[in-house]
Number of protein chains: 6
Amino acid sequence: MYYFDKRLQYAVRVDSPDPIYARMLQQAIGGVEGEIRVCMQYFFQAWGNRAPNTKYRDMLLHTATEELGHIEMLATAVAMNLENAPTKVQEAGAADAIVGAVMGGENPRHIAEGMLHKHLLSSGMAAFPGNSDGVPFDMNHIYASGNIAADMYCNVAAEATGRTLAVRLSNATNDPGMKDMWSFLIARDTMHQQQWLAVIEELGGVEGALPIPNSFPQSEENQKFNYSFFATNRDGAPPPEGRWTAGPSLDGKGNFNVFQNEPMGQEPVLGPARPDSGAESQQIG
Amino acid sequence: MYYFDKRLQYAVRVDSPDPIYARMLQQAIGGVEGEIRVCMQYFFQAWGNRAPNTKYRDMLLHTATEELGHIEMLATAVAMNLENAPTKVQEAGAADAIVGAVMGGENPRHIAEGMLHKHLLSSGMAAFPGNSDGVPFDMNHIYASGNIAADMYCNVAAEATGRTLAVRLSNATNDPGMKDMWSFLIARDTMHQQQWLAVIEELGGVEGALPIPNSFPQSEENQKFNYSFFATNRDGAPPPEGRWTAGPSLDGKGNFNVFQNEPMGQEPVLGPARPDSGAESQQIG
Amino acid sequence: MYYFDKRLQYAVRVDSPDPIYARMLQQAIGGVEGEIRVCMQYFFQAWGNRAPNTKYRDMLLHTATEELGHIEMLATAVAMNLENAPTKVQEAGAADAIVGAVMGGENPRHIAEGMLHKHLLSSGMAAFPGNSDGVPFDMNHIYASGNIAADMYCNVAAEATGRTLAVRLSNATNDPGMKDMWSFLIARDTMHQQQWLAVIEELGGVEGALPIPNSFPQSEENQKFNYSFFATNRDGAPPPEGRWTAGPSLDGKGNFNVFQNEPMGQEPVLGPARPDSGAESQQIG
Amino acid sequence: MYYFDKRLQYAVRVDSPDPIYARMLQQAIGGVEGEIRVCMQYFFQAWGNRAPNTKYRDMLLHTATEELGHIEMLATAVAMNLENAPTKVQEAGAADAIVGAVMGGENPRHIAEGMLHKHLLSSGMAAFPGNSDGVPFDMNHIYASGNIAADMYCNVAAEATGRTLAVRLSNATNDPGMKDMWSFLIARDTMHQQQWLAVIEELGGVEGALPIPNSFPQSEENQKFNYSFFATNRDGAPPPEGRWTAGPSLDGKGNFNVFQNEPMGQEPVLGPARPDSGAESQQIG
Amino acid sequence: MYYFDKRLQYAVRVDSPDPIYARMLQQAIGGVEGEIRVCMQYFFQAWGNRAPNTKYRDMLLHTATEELGHIEMLATAVAMNLENAPTKVQEAGAADAIVGAVMGGENPRHIAEGMLHKHLLSSGMAAFPGNSDGVPFDMNHIYASGNIAADMYCNVAAEATGRTLAVRLSNATNDPGMKDMWSFLIARDTMHQQQWLAVIEELGGVEGALPIPNSFPQSEENQKFNYSFFATNRDGAPPPEGRWTAGPSLDGKGNFNVFQNEPMGQEPVLGPARPDSGAESQQIG
Amino acid sequence: MYYFDKRLQYAVRVDSPDPIYARMLQQAIGGVEGEIRVCMQYFFQAWGNRAPNTKYRDMLLHTATEELGHIEMLATAVAMNLENAPTKVQEAGAADAIVGAVMGGENPRHIAEGMLHKHLLSSGMAAFPGNSDGVPFDMNHIYASGNIAADMYCNVAAEATGRTLAVRLSNATNDPGMKDMWSFLIARDTMHQQQWLAVIEELGGVEGALPIPNSFPQSEENQKFNYSFFATNRDGAPPPEGRWTAGPSLDGKGNFNVFQNEPMGQEPVLGPARPDSGAESQQIG
């Protein structure tokens with residue numbers, strides 16, 4: 001079960017409120033690279049954790065709980081960036097006349113309002129659980145597969161795209177308060193990338209954990225094609241050389257090679273449609 | 001641009017058609033662990049690839065194109081498993097009377113029909129681009145971040161959950177034809193896991209690629225917290241020891257330690273609602 | 001604006017309530033081939049109709065309003081098929097013991113309950129606006145493009161898949177009441193297919209309406225490829241002959257021919273990633 | 001920020017694991033009536049709370065944090081109900097032969113496996129953040145409007161549908177452990193319904209809080225129609241009498257009456273399509 | 001069944017067409033607070049209504065039918081606001097040169113076009129069934145639970161958020177025609193809030209209707225916790241006093257009190273993964 | 001199976017990169033009128049094709065494979081239009097000061113960045129599989145019904161809305177490179193419209209293929225209403241005359257007529273709620 005402290009994990013300060021930046025911050029809340037995703041992903045992985053690996057349930061709960069506080073920080077940052085945003089046309093003031101003239105009737109404040117509409121119209125100038133396009137977060141992005149190595153790579157992927165987003169959002173602002181918040185959150189993403197890879201290392205590293213799932217006997221997979229790079233370009237020219245075209249595989253269990261892809265299967269011909277299947281009569285054999 | 005051969009990449013054979021298994025196969029077509037996802041993910045990563053890394057555009061196109069053939073194989077397998085599925089109540093025949101008596105009126109063939117409804121009602125006994133629950137694939141699951149290391153980990157995650165699914169589907173059938181198809185597809189997933197990790201190795205491995213993105217100067221992230229495991233349990237007891245609680249970090253750029261999480265930020269108090277914001281009058285300061 | 005009569009457009013009668021059939025009927029309510037779709041599609045086309053074609057606004061309103069009554073009929077049919085469905089485990093009665101024994105512990109009534117869960121758990125044994133998989137209807141399926149010929153073909157497509165579904169649902173039941181309802185609804189779909197094609201005929205038929213939109217000067221499209229069938233098989237063998245490979249086009253404005261597809265464009269090479277773009281440093285030129 | 005205790009808020013015990021019931025429980029996790037919804041709704045309302053109503057931020061955080069523990073309880077209950085579920089066809093054993101004979105080839109264990117597929121194929125026999133149809137939770141269901149009275153009614157609606165679902169799930173099982181869990185969760189829903197209505201009472205009850213938002217001057221709404229029941233039946237017969245057809249309104253600010261709805265507006269005729277708008281030429285005036 | 005009159009329920013007039021405002025109006029059509037939602041919600045509640053409460057079927061049909069006319073009014077308003085919107089770059093005219101110079105190459109008309117893209121590109125300058133972000137309406141937002149009191153609170157919630165949105169949209173425009181339309185629609189929302197609460201009053205008010213569902217015997221819920229406010233802050237300090245922390249409950253069936261939340265359950269430990277479950281071998285006990 | 005050539009099907013050239021136009025182009029990639037839709041629709045129709053109509057599998061594969069190359073062209077066009085888009089606030093330069101002054105603090109470059117956020121924040125200045133609002137493509141839009149005539153009309157509908165979109169996008173730009181790309185793609189849509197209608201012609205035209213499905217005996221549909229236009233306006237005035245109100249039907253199997261719609265069914269009264277159904281006690285008979 002869970003507890004809260006009404007203070008934030010780390011200070012959130014906005015020196016110059018910027019409603020457009022509020023909108024951009026939503027990506028870090030409800031985008032696929034955002035905090036709702038990692039928070040819920042780690043919780044569901046923890047809740048489905050099985051003996052004898054209970055140590056990882058514990059670890060996941062620590063970090064999932066931390067991430068809940070990150071959503072809170074970002075939601076606070078969104079609201080702070082919206083503090084002085086316009087809610088009425090009348091507030092636009094005299095500047096409009098000039099701009100209106102320049103733009104032949106188009107009102108840029110309207111444009112801004114339009115971009116803010118979700119905040120203005122639906123959430124009362126607060127954060128919402130959607131991305132910067134207003135697309136709501138879809139819980140299908142929570143990966144919890146029941147295979148711990150697969151889950152750890154999903155977590156690395158989440159933190160890698162997450163830190164990339166954080167860097168982009170930090171680059172997109174000059175606000176010192178926001179910069180400071182990002183210096184903290186980017187540091188946390190650094191650690192989280194490390195942390196999930198450390199579990200893979202505990203599981204024996206790439207050699208011990210791969211191919212995922214390692215509980216399926218490799219003898220039952222097709223031995224001819226499990227370390228082959230399939231070339232599918234039309235002209236059959238060899239693909240550029242890379243670590244994956246020759247030499248021992250990373251898991252030490254095979255040797256990379258290149259296979260020029262050709263059809264090994266049949267032209268599929270399905271039986272005719274059945275009389276009562278709602279097909280056209282021409283399809284019914 | 002692209003070409004086709006009307007034969008399949010690998011033979012698809014179904015010895016005993018099983019409509020319920022057809023439904024389960026849909027997860028490998030339109031599930032988040034499925035083939036539409038990897039196919040489209042690799043294409044979009046290829047199409048967004050930038051100089052000077054054009055070698056990876058080439059590599060991604062080879063594999064994306066291969067995956068398109070995997071969707072085709074699975075769609076064929078679905079249709080073959082549906083070849084003899086019932087389309088009319090009348091086909092249920094005499095067995096129903098017995099079963100109906102046993103079950104007190106519930107008709108198990110109806111149950112099966114209900115489960116098949118998407119195939120029966122919407123797709124004419126063919127595959128559709130959704131998962132085994134009938135939930136359509138949502139293209140938001142295509143990860144193409146513009147950061148090549150992040151993308152490679154997303155690809156490893158996709159192939160790890162994908163091979164896990166493939167193993168489960170192979171375990172769930174005794175059909176020799178289906179087993180043979182899976183021995184091929186599982187082998188391909190083995191290679192694909194290797195392949196994306198091999199790119200990370202080419203980029204310098206964990207030390208060269210992490211923290212992702214490695215183009216952000218780590219000096220600008222908060223140095224105090226970038227290799228700390230944050231403990232968030234209520235009683236403050238130390239978390240279980242792991243590779244991530246002490247010792248050098250995997251990227252060789254820091255040392256792991258444990259930090260007992262405490263609020264470092266303020267209790268956030270947002271300004272009152274504005275007069276025309278559609279709030280209750282009690283909220284307007 | 002709108003009015004109602006609390007009687008149904010056509011009688012809905014269920015002789016033998018069947019909860020599984022209730023679930024199947026949902027496809028005709030909230031499936032992409034269902035009645036919510038056509039109802040809302042015709043309304044939005046009507047509401048966006050422009051002078052001087054106001055006659056079609058009128059026509060669309062007549063039929064949209066009719067379709068609203070079809071949703072009502074089907075929702076009533078769903079509820080009637082659920083009249084005697086079990087809501088408590090205890091109702092399953094003695095038959096369970098036998099079946100349980102046969103099935104080694106699996107309870108088929110549970111299976112049925114599981115399939116009904118949306119009706120049992122969420123809607124109180126009534127219809128809901130989703131399909132037979134429980135996937136809610138997504139209004140993105142409403143096509144109203146502002147081009148009347150495009151919209152009419154969208155409507156034909158909707159009524160063609162709709163009548164196909166109706167035939168499948170009629171085939172899937174032996175209930176005389178349900179059969180009678182379908183004889184009515186299938187007849188209406190026959191008319192609606194005709195009706196939208198009749199608008200195309202009023203617009204001059206295929207010759208007058210195509211290519212859609214016909215307001216774009218065909219002289220501005222690439223004259224070399226606008227009536228060519230592009231063959232994309234790898235070996236370059238000619239495709240099977242069809243009405244579309246030779247002879248005058250259907251719109252009378254060109255002649256069909258076959259073009260063996262070859263790259264006419266460049267290998268695309270995008271510029272390197274920018275320094276602050278969140279890419280890996282290896283991607284930054 | 002947040003903390004956890006690795007013990008559950010209340011004991012979760014499953015005496016007879018039932019995989020179908022596991023699937024039904026998902027509705028209480030990821031259904032629109034479920035716990036993810038209330039948890040996230042209360043958090044987002046708290047995080048957007050504004051001075052001078054900070055007392056409600058505090059109250060919302062208490063209950064949102066409690067609800068997070070409810071998701072955890074239910075996720076645990078799902079996993080426990082799946083403990084002995086079959087993962088391989090071979091486990092079905094001898095009973096199948098008999099049942100298969102009875103059912104003419106249909107294998108009921110397959111049916112169960114099909115229903116479980118999301119747990120079997122995707123989550124490794126653990127809970128996932130979707131409903132009992134496998135439809136992922138969509139964060140658009142989080143209501144946080146910025147108007148505190150509107151939010152409280154949204155919360156009452158959530159707890160009312162939530163307790164209705166809880167009662168249905170309790171009725172659907174005979175397992176004593178599950179019954180005990182529900183006796184706790186149903187009690188909590190009772191309190192939560194009270195709690196949000198108590199806020200309305202603090203705001204002055206229906207008279208003080210309505211019409212929502214009460215900050216809009218009612219003098220600016222059309223005085224002729226703000227307490228009128230609009231009758232829209234075709235024949236114009238008076239609607240049945242109810243509390244809403246006559247007498248003082250609940251907010252004490254008007255008197256109910258009945259208005260026979262008639263068009264007060266024009267037949268809308270929109271201007272013709274513009275020349276370059278992609279319409280058919282017949283639509284361009 | 002249903003009828004239409006081609007005139008609008010209330011006059012829709014736009015004095016100064018504003019394409020950005022058209023986009024904002026979409027929130028009132030296809031947003032979760034919008035008219036499609038209430039229309040369809042009331043229809044589905046009506047269609048699932050059961051004896052002996054047929055009076056409420058009648059009432060719901062009256063209002064659902066009214067709401068259909070509101071969608072029509074708003075769709076008309078959207079199209080009218082788009083009457084003079086640009087469809088071609090060339091129309092932008094000479095002003096662009098000036099603005100372009102000011103903005104260093106950024107073209108504000110392009111920005112506006114970008115924002116309008118859904119109207120420009122997909123709907124031919126007419127309304128579509130999505131919100132102001134272009135997110136299509138998802139029918140999962142239709143609440144029809146089968147419990148009449150729960151449904152009425154869902155309806156109050158819908159009209160409360162709906163009127164809040166209407167007020168915000170009215171505040172966001174100075175157009176006299178639009179203001180007049182809102183004065184009508186805001187008045188209707190006032191009535192609809194009253195109307196659904198009046199049903200609760202007919203059902204005996206909070207005391208008669210709560211806890212919802214009132215058909216579940218409260219003796220079967222945990223008596224210790226059904227009127228307790230659970231405090232979940234970490235330090236255990238008492239929460240702020242409110243109507244919900246002490247005194248008789250609103251339904252007159254209990255007394256509010258405060259309970260300091262502590263784990264009453266176990267640390268959950270799930271059994272190990274099964275051999276064929278696709279887990280890592282390290283997870284298999 | 002499939003092959004690629006790394007060159008594009010047709011040259012893609014952007015003379016003046018325009019980030020807003022990049023965003024608009026997304027509609028042609030991931031909009032419902034876009035290329036992902038037709039590509040996947042034709043593939044799934046091909047993969048579900050049944051004997052003896054294998055000629056159409058071949059035809060569909062040719063065109064599906066062509067469409068994959070169109071996604072690639074458009075994805076390339078998006079990336080090229082984003083080549084010089086700003087990624088940092090600092091790049092905005094001196095012009096901002098002027099504009100900021102004019103606009104009273106609102107920064108138009110911020111507005112542009114906000115609009116670009118998906119490209120800037122999530123995809124690293126490359127295309128993504130969503131529409132111009134950032135809404136991801138939903139595979140439910142793939143129509144493959146198993147009825148070949150229904151599918152062909154779905155394809156005509158897709159190409160009609162697709163060419164309409166293409167014309168609008170061509171009209172929205174003055175860039176010669178983009179104009180040239182559109183002249184090619186618009187030509188292809190012309191052919192594709194023809195091609196699917198040519199299949200209908202091969203099936204016997206409207207007379208041979210309609211009503212769809214033509215395998216259902218028309219004698220089993222209600223003969224009274226299958227060629228009647230139902231008038232649903234309240235006052236019963238005859239609808240405007242059209243091709244569909246009188247004369248022989250297009251399929252030559254009936255005669256159009258007008259039927260004034262009146263209720264032919266009952267007022268539906270459903271049985272009371274069951275005791276354990278979670279309804280209010282007032283609903284339980």
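Going along each chain's sequence as written, the residues are numbered from 1 onward. Whichever chain is written first becomes A and whichever ligand is written first becomes 1, with later ones labelled in order. Residue-level local features of this predicted model are given only where pLDDT is at least 70; pairs of side-chain atoms are given and counted only at 80 or more, and the full residue set underlies all totals for whole chains, interfaces and linings. Only hydrogens and water are removed before side-chain values are computed, so all heavy atoms of the structure are retained for them.

Draft legend 1. Structural context of the UniProt feature "binding site: Mn(2+)" (unreviewed entry) in chain A. Residue and element names in this part refer to chain A. UniProt positions are given in the numbering used here, feature names are shortened, and annotations may be inferred rather than shown by experiment. Here the UniProt-annotated "binding site: Mn(2+)" (unreviewed entry) positions come out as E35, E67, H70, E159 and H192. Maximum C-alpha separation among the annotated residues is 13.2 Å over a sequence range of 158 residues, consistent with a single clustered spot. Strands here are runs of E lasting at least two residues and helices are runs of H or I lasting at least four, both read from the DSSP assignment and numbered beginning at the N terminus. Structurally, the position occupied by E67 is in helix α3 (residues 54-81). Contact definition: two residues touch when any of their heavy atoms are within 4.5 Å. Beyond its immediate stretch of four places on either side in the chain, E67 contacts E35, V38, C39, Y42, E159 and H192. For H192, the location among the structural elements is in helix α7 (residues 176-202).

Draft legend 2. Looking closely at the side chain of N155 of chain E. Residues and elements named next belong to chain E. Inspection of the secondary structure puts N155 in helix α6 (residues 148-171). Contacts described as polar in this section are N or O atom pairs within 3.5 Å, which, within protein, must combine one atom able to donate a hydrogen with one able to accept it, while residues neighboring in sequence count only if both atoms come from side chains. Here the side chain of N155 touches Q41 through a polar contact of 2.8 Å, side chain to side chain. What N155 contacts, discounting residues up to four positions off in sequence, is Q41, Y42, Q45, L60 and W196.

Draft legend 3. Looking closely at the interface of chain A and chain B. Across the contact, 105 residues belong to chain A and 104 residues belong to chain B. Joining two parts hides part of their accessible area as seen by a 1.4 Å probe, and the buried area is that hidden amount summed over both. Here chain A meets chain B over a buried area of about 9400 Å², counting both sides, of which 62% is carbon and sulfur. Only one rule defines a salt bridge in this text: a Lys or Arg side-chain nitrogen within 4 Å of an Asp or Glu carboxyl oxygen. One salt bridge in this structure joins K6 of chain A and E267 of chain B, with 4.0 Å as the shortest N-O distance. Summed over the shared surface of chain A and chain B, the result is 51 residue pairs in polar contact (both at pLDDT 80 or more). For the side of chain A that touches chain B, the secondary structure elements donating two or more residues are α3, α6 (148-171), α7 and β2 (228-231) of chain A. With 15 residues, α7 of chain A is the largest single contributor of residues to the side of chain A that touches chain B. Residues were grouped as follows: Ala, Val, Leu, Ile, Met, Phe, Trp, Tyr, Cys and Pro as nonpolar; Asp, Glu, Lys and Arg as charged; and all remaining residues, including Gly, as polar. Looking at the side of chain A that touches chain B residue by residue, the classes come out as 47 nonpolar, 32 polar and 26 charged.

Draft legend 4. Structural view of the packing of aromatic side chains. Only the six-membered ring of Trp is used, alongside the rings of Phe and Tyr, when aromatic pairs are assigned; centres must lie within 6.5 Å, and planes under 30 degrees apart are stacked while those over 60 apart are edge-to-face, with the rest tilted. Within this structure, the stated rule accounts for 69 aromatic pairs over all chains. Ring plane angle 45° and centroid distance 6.0 Å describe the contact between W244 of chain A and Y56 of chain B, whose orientation is recorded as tilted. Residue W244 of chain A is located in the loop between β2 and β3 (247-248), and its partner Y56 of chain B is located in helix α3 (residues 54-81); the two belong to separate chains. Burial status follows relative accessibility: with a 1.4 Å probe on protein chains alone, a residue under 20% of its type maximum counts as buried, one over 50% as exposed, and anything between as partly exposed. Take W244 of chain A: its relative accessible area is 1%, and that puts it in the buried class. Since its relative accessible area comes to 7%, Y56 of chain B is described here as buried. Judged by centre distance (5.4 Å) and plane angle (75°), the ring pair of F225 of chain E and F230 of chain E falls under edge-to-face. For F225 of chain E, a relative accessible area of 3% gives the class buried. You can call F230 of chain E buried: its relative accessible area is 1%. An aromatic cluster is defined as three or more aromatic residues linked by ring pairs; in this entry it consists of Y10 and F184 of chain A together with F225, F230 and F259 of chain B. Should the NZ of a Lys or the CZ of an Arg lie within 6 Å of a ring centre and within 35 degrees of the ring normal, that charge is described as sitting over the ring. When the ring centre of Y3 of chain B is taken as origin, the NZ or CZ atom of R234 of chain A, which lies over that ring, is 3.9 Å away.

Draft legend 5. Spatial organisation of the environment of L165 of chain E. Mapped onto the elements of the fold, L165 of chain E is located in helix α6. A residue is classified by how much of its surface remains accessible, and L165 of chain E, at 2% relative accessible area, is buried. Taking the C-alpha atoms as reference, L165 of chain E lies 9.8 Å from L25 of chain E; in sequence the two are 140 residues apart. Leave out the neighbours within four places in its chain, and L165 of chain E touches L121 of chain A together with Q27, A28 and E33 of chain E.

Draft legend 6. Local environment of the environment of L120 of chain E. Residue and element names in this part refer to chain E. Summarising the element assignment, L120 is placed in helix α5 (residues 108-122). With a relative accessible area of 7%, L120 lands in the buried category. L120 sits 38 residues away from L82 along the chain, and the two C-alpha atoms are 9.3 Å apart.

Draft legend 7. Representation of the pattern of salt bridges in the model. Going through the model one piece at a time under the given rule, you end up with 72 salt bridges over all chains. A salt bridge links E221 of chain A to R163 of chain B, with the nearest nitrogen and oxygen atoms 2.7 Å apart. Residue E221 of chain A is found in the loop between α8 (205-209) and β2, and its partner R163 of chain B is found in helix α6 (residues 148-171); the two belong to separate chains. Taken individually, E221 of chain A and R163 of chain B each receive the classification buried, so the pair is uniform in this respect. For R57 of chain B, the salt bridge goes to E72 of chain F, with nearest N and O atoms at 3.4 Å. Of this pair, R57 of chain B sits in helix α3 while E72 of chain F is found in helix α3 (residues 54-81), placing the two residues in two different chains. You'll find R57 of chain B and E72 of chain F in the same group, each marked buried. Salt bridges sharing common partners tie together K6 of chain A, E267 of chain B together with D58 of chain D.

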